[in-house]
Amino acid sequence: AMKDTIRLVPKVTKKKISQTMKRTKALVAMLIDGAHPLVDIVDRPWDRLRYGSDLESIDAYWEKVAHQRCLARLKKKKWIQQRKRGQELILELTSEGTIYALGQKIVAAKKKLAKGKICLISFDIPESARKARNTLRKIFKDGEFDCIHHSAWATDKDIGRDMKTLIRLLKIEDWVSVFFAEKVN
């Protein structure tokens, strides 16, 4: 009788997770650029579904639902905050959201330094700032930096200015140094 049961919970696949991350990154990027990602929240697309609609409207409805779910995730992670000004709903990145967005910018950086030059980041962050240290290491790993030592990482990407901003936002200036150096070997 087990074979006759219907699966009610959708199977989560790597493709769905990847699409979710792409949507999250896109929304954060929109907020950084000053765009307003919310579609009119007063609109009730389910009424169109209930009373009949074409496929484009149904696709638009599900896209809007996915968009709203992504916004809910961003709020839950405390990466965005919303406030109302009259009839207008304003979304802003929080400091955590800004740190995430800046980390993604560093990871995705394509511009390289001059041949033979590297950006070296050295740190000795105390245990009291463990969260910031873990954030920094995750960015280094995701950005495929070279681990020279557990607390020294290098890359040939031009990320100095963004790294300086990230360090300031994480409030770890006293424990992190960024150097530009020439690779000898």
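Just above sits the structure.
Residues numbered from 1 in each chain as written. Predicted model: local features only at pLDDT ≥ 70, side-chain atom pairs only at ≥ 80, totals over all residues. Heavy atoms only, no water.

Caption draft 1: Region of the structure containing the pattern of salt bridges. A full pass over the atoms with the stated rule returns nine salt bridges. One salt bridge in this structure joins glutamate 88 and arginine 85, with 3.6 Å as the shortest N-O distance. A residue is classified by how much of its surface remains accessible, and arginine 85, at 53% relative accessible area, is exposed. The salt bridge partner of glutamate 127 is arginine 130, with a shortest N-O separation of 2.3 Å. Residues joined in a network through salt bridges with shared partners are Glu127, Arg130 and Arg133. (Salt bridge = Lys/Arg side-chain N within 4 Å of Asp/Glu carboxyl O. Buried < 20%, exposed > 50% of the residue type's maximum accessible area, 1.4 Å probe, protein only.)

Caption draft 2: Geometry of the packing of helix H5 (residues 130–142) against helix H6 (residues 160–170). Interhelical geometry of H5 versus H6 gives an angle of 155° and a closest axis separation of 10 Å. Here H5 lies roughly antiparallel to H6, going by the angle between them. Remark: the crossing between H5 and H6 carries right-handed chirality. Counted together, Ala132, Thr135, Leu136, Ile139 and Phe140 of H5 and Met163, Leu166 and Leu170 of H6 form the full contact between these two elements. Here the residues of the contact of H5 with H6 sort into seven nonpolar, one polar and no charged. (Axes fitted to C-alpha atoms, helices over the stretch in contact; angles between N-to-C directions. Helix = DSSP H or I, 4+ residues; strand = E, 2+ residues; numbered from the N terminus. Parallel < 35°, antiparallel > 145°, perpendicular 65-115°, else oblique. Left-handed = near helix turned anticlockwise from the far one by under 90°. Contact = heavy atoms within 4.5 Å. Nonpolar A, V, L, I, M, F, W, Y, C, P; charged D, E, K, R; others polar.)

Caption draft 3: Spatial organisation of the packing of aromatic side chains. Across all of its chains, the model carries four aromatic pairs by this definition. Between the aromatic rings of tryptophan 79 and tyrosine 100, the centroid separation amounts to 4.0 Å while the plane-to-plane angle is 20°, which identifies the pairing as stacked. Of this pair, tryptophan 79 sits in the loop between helix H3 (55–76) and strand S1 (80–85) while tyrosine 100 sits in helix H4 (residues 95–108), and the two are 21 residues apart along the sequence. An identical accessibility class is assigned to tryptophan 79 and tyrosine 100; each is buried. For the pair phenylalanine 140 and phenylalanine 145, a centre-to-centre distance of 5.0 Å together with 40° between the ring planes defines the contact as tilted. Each member of the pair, phenylalanine 140 as well as phenylalanine 145, is classed as buried. (Phe/Tyr/Trp six-rings, centres within 6.5 Å; stacked < 30°, edge-to-face > 60°.)

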